[in-house]
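Listed below, chain by chain, are the residues.
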Amino acid sequence: MKSMTIPELYEYLRSETFMKEDGNIFYNYYIYQYPANKEYEMRSQIQEFKEKLERPTTFVDALVIDLFKVFCDYLSNEKFGDTSLLDDTFEGDKTHPDMVTTELTAEANSDNFISYVRDIINEHINSNNGYKHPYVFVHGIGKMFPYLRTNVFLTKYEKYNDTSKYKIILFYPGHQEGNSFSLFDTLEDSHTYRATLLVNK
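Residues numbered from 1 in each chain as written. Predicted model: local features only at pLDDT ≥ 70, side-chain atom pairs only at ≥ 80, totals over all residues. Heavy atoms only, no water.

**Observations regarding helix H8 (residues 150-157)**
Right, on to step 1. Taken together, the buried positions of H8 are Thr-150, Asn-151, Phe-153, Leu-154 and Tyr-157. With its buried residues spanning 160° around the axis, H8 presents them on a single face. (Buried < 20%, exposed > 50% of the residue type's maximum accessible area, 1.4 Å probe, protein only. Helix = DSSP H or I, 4+ residues; strand = E, 2+ residues; numbered from the N terminus. Arc of directions from axis to C-beta.)

**A closer look at the nonpolar core**
Right, on to step 1. Formed by 34 residues in total, the largest nonpolar core has its most connected members in Ile-65, Leu-67, Phe-113, Ile-121 and Val-136.
Right, on to step 2. Those elements that provide at least two residues to this core are strand E1 (29-34), strand E2 (63-66), helix H4 (67-77), helix H6 (97-108), helix H7 (111-125), strand E5 (135-139), H8 and strand E6 (167-177).
Right, on to step 3. In contact with Val-136, not counting residues within four places along its chain, are Leu-63, Ile-65, Ile-121, Ile-125, Tyr-166, Lys-167, Ile-168 and Ile-169.
Right, on to step 4. In terms of nonpolar packing, the next biggest core, distinct from the first, is built from 20 residues, Tyr-10, Phe-18, Ile-46 and Leu-53 among them. (Core = buried A, V, L, I, M, F, W, Y, C linked by side-chain atoms within 4.5 Å. Contact = heavy atoms within 4.5 Å.)

**What to know about the pattern of salt bridges**
Right, on to step 1. In the structure shown here, the tally under the stated rule is nine salt bridges.
Right, on to step 2. Between Asp-66 and Lys-143 there is a salt bridge, with the nearest N and O atoms lying 2.8 Å from each other. Here the residue Asp-66 occupies a position in strand E2, and Lys-143 occupies one in the loop between E5 and H8, the gap between them amounting to 77 residues.
Right, on to step 3. In this structure Lys-143 comes out as partly exposed when scored by relative accessible area, which is 29%. (Salt bridge = Lys/Arg side-chain N within 4 Å of Asp/Glu carboxyl O.)

**A short note on the environment of Thr-163**
Right, on to step 1. Looking at where Thr-163 falls in the secondary structure, it is placed in the loop between H8 and E6.
Right, on to step 2. Here Thr-163 falls in the partly exposed class, since its relative accessible area comes to 31%.
Right, on to step 3. Here the alpha-carbon distance between Thr-163 and Tyr-29, two residues 134 residues apart in the chain, equals 8.9 Å.

This is the structure in structure tokens:
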């Protein structure tokens, strides 16, 4: 099975059936896979999805999360005295890059970071702006490698997840091989964690 085309995905996202459809009992994760060399085009396409869904015919306000940007914001907000963790990382990378990689991996996998993402999602979902809020578009997972893997992010977010309120659409630069993902079409990225692939059935 092949991934939906861009027009097919948009029509699927704007359909009332998909918006109201329950997730897979306990899971509301959906993954759209695309060739890694289309990364920049996909970032623009995600923003276009958001803008088109906001039109009066649909009135959907989708939250777009660049996971890497959110991670940088999180690091900026983590303070050690007068220095942020992000600034400390830049300094440490000049002399101890391996240590910095270990520290960033620990932070990216921490409950503090996952709950930080949760707070952003909740603020959006609970906003009363007259729009529907059925979708959270997540991209930037490729930029998070090797600090945070797809299945780890989805697994750790599960305890904060609310399947009755929204669907998480994760845009993934790679493809599926059996029960595993291949990030950038070259790197093994573990299993799919019961996410539903958005494909032509």
